Amino acid sequence: MPAQSPQLILDDPWLEPFEQVIRYRQERCYHALQLVGENYGNLSGFANLHHEQGLLLRDGKWLCKEWLPAAQEVSLIGDFNSWDSTAHPMRQDHQGCWHISLPESKLSLGSGYKVRVTGADGITRDRIPAL
């Protein structure tokens, strides 16, 4: 077995027939970790993104942020704007997140809301955010 074999194979020689697959998966993992580091600082920063997604009340403002990288258009709709998709369009950032900020007085706890999404296929759908 060559010296440059992954430690996993050195530790368990029965995995030798799968060395190419293991190398491929390790390379993908290292590449993904590199992207996470570049975009989010570290794995912990990436894992805590759920604290930044959805509809959140922060510093007297409602912040809505949804990761929809393939969407063509996104808007925040709800009982606060009579479900009007033109009233509160969201903007996309360079990472594929759509966001909008509203004054605290615009919504109240218990308000009904959804995100209206025009997908890459051109079809418009309403979705209830995960958070």
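Residues numbered from 1 in each chain as written. Predicted model: local features only at pLDDT ≥ 70, side-chain atom pairs only at ≥ 80, totals over all residues. Heavy atoms only, no water.

### Points about the packing of aromatic side chains
Just so we agree on the cut-off: Here the aromatic set is Phe, Tyr and Trp, taking the six-membered ring for Trp, and pairing holds for ring centres within 6.5 Å; pairs whose planes are under 30 degrees apart are stacked, those over 60 apart are edge-to-face, and all others are tilted.
A full pass over the atoms with the stated rule returns one aromatic pair. With 5.3 Å between their ring centres and 55° between their planes, Y40 and F46 make a pair best called tilted.

### Quick look at the pattern of salt bridges
Condition: A pairing counts as a salt bridge when a side-chain nitrogen of Lys or Arg comes within 4 Å of a carboxyl oxygen of Asp or Glu. Only protein chains enter the calculation, and the probe is 1.4 Å; a residue is then buried if its accessible area is under 20% of its type maximum, exposed if over 50%, and partly exposed in between. Helix and strand definitions follow DSSP, with helices as H or I runs of at least four residues and strands as E runs of at least two, each counted in order from the N terminus.
One pass over the structure, following the stated rule, counts five salt bridges. The partner of E52 in a salt bridge is R58, and the shortest N-O contact between them spans 3.2 Å. By relative accessible area, E52 is classed as partly exposed at 36%. Across the pair E66 and R127 runs a salt bridge whose closest N-O atoms are separated by 2.8 Å. With E66 in strand β2 (residues 61-67) and R127 in strand β7 (residues 124-127), the pair connects residues that are 61 residues apart, well separated along the chain.

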